[in-house]
Amino acid sequence: MAVSPNTNFTSGQILTATQANNWPRGVMGYYVSTANSAIGAATADITGTSITFTAEANRLYRALFTCDYSVTNAGALAGFYMTDGSNNIIQNIANTTSTNSGFAQITVQFLFTASAGSVTRKMRTDVSAGTGTIRGTSGQVYMFSIEDMGPA
């Protein structure tokens, strides 16, 4: 039944409201660090950055990752990757350099769609030479979030 502003309801009638499917739904999951995470030569998970959420078909999602990081070898490339739950690389997000023992900041975002159902996205990293640190202490944090942006 169409409802106008002056509709009078009688006993037993039910008014049902439905939510439009075209609005962003906001944050699906997030992680904010409480400790540092190591970077090594072998590609590995960044501590805490695995997020599993229930995706809907035909929706656009945004993954956002930001951190301060350092490497022990000046000019070494630090790689950052978004992967699925089986470590398949979905997006090579950045290969970037940092000064020896100095911290640099990186913020990346990636827009994606997913099949309906349970979906896992996580951040992984490696370094081309030496080792490194993603800072989650000393007043600094790193974070990873997944946000529903609305219809794809």
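For the structure itself, look to the data block above.
Remember, predicted model here, so these are calculated numbers, not experimental data.

1. Observations concerning the nonpolar core
Line of reasoning, step 1. Of all hydrophobic cores here, the largest spans 27 residues; its most connected members are Phe65, Phe80 and Phe112.
Line of reasoning, step 2. The greatest single-element share of this core, amounting to 6 residues, is contributed by strand 4 (residues 59-71).
Line of reasoning, step 3. With near-sequence residues (within four places) excluded, Phe112 lies in contact with Phe53, Arg59, Leu60, Tyr61, Arg62, Ala63, Met82, Arg121 and Ile146.

2. Concerning the pairing of strand 8 (residues 117-127)
Line of reasoning, step 1. Within strand 8, 9 of the 11 residues are buried, leaving the element largely enclosed by the surrounding structure.
Line of reasoning, step 2. One ladder, built from 8 bridges, connects strand 3 (residues 44-55) with strand 8; its direction is antiparallel. Counted as the bridge partner of Asp45 is Arg124 from strand 8.
Line of reasoning, step 3. Pairing of strand 5 (residues 77-84) with strand 8 involves 7 bridges; the strand directions are antiparallel. Within strand 8, the position partnered with Phe80 by the bridge is Thr125.

3. Describing the side chain of Arg135
Line of reasoning, step 1. Topologically, Arg135 is positioned in strand 9 (residues 132-135).
Line of reasoning, step 2. Taking the relative accessible area as the measure of exposure, Arg135 reaches 18% and is therefore buried.
Line of reasoning, step 3. Excluding residues within four positions of it along the chain, Arg135 makes contact with Asn36, Asp68, Phe103, Gln140, Val141 and Tyr142.

4. Here's the deal with a nonpolar patch on the surface
Line of reasoning, step 1. Nonpolar side chains collect at one region of the surface, where Val27, Tyr30, Val32 and Val141 lie side by side and expose about 400 Å² of accessible area between them.
Line of reasoning, step 2. Relative to the helices and strands, Val32 is located in strand 1 (residues 26-32).

Cut-offs applied
Per chain, the residues get numbers from 1 upward, laid out in the order the sequence is written. Local features in a predicted model are, by the rule used here, given only for residues with pLDDT of at least 70; side-chain atom pairs are given and counted only at 80 or more, and totals for whole chains, interfaces and linings are based on all residues. Excluded from the side-chain calculation are hydrogens and water; included are all heavy atoms of the structure. Put simply, buried Ala, Val, Leu, Ile, Met, Phe, Trp, Tyr and Cys residues joined by side-chain atoms within 4.5 Å make one nonpolar core. Each residue is assigned to one of three classes by its accessible area relative to the maximum for its type, calculated with a 1.4 Å probe on protein chains only: buried under 20%, partly exposed between the two thresholds, exposed over 50%. Helical segments are the DSSP runs of H or I of at least four residues, strand segments are the runs of E of at least two, and each set is numbered from the N terminus. Contacts are residue-level and defined by heavy atoms, with any inter-residue pair within 4.5 Å sufficient. The pairing criterion is simple: DSSP has to find at least two bridges between the two strands. Within this analysis, patches are made of residues with over 30% relative accessible area and no salt bridge. Like charges are joined at 9 Å or less; nonpolar side chains (Val, Leu, Ile, Met, Phe, Trp, Tyr) at 5 Å or less. Surface accessibility follows the Shrake-Rupley procedure with a 1.4 Å probe radius. Residue values consider only the protein chains on display as shielding. By definition, a salt bridge exists where a carboxyl oxygen of Asp or Glu is found within 4 Å of a side-chain nitrogen of Lys or Arg.

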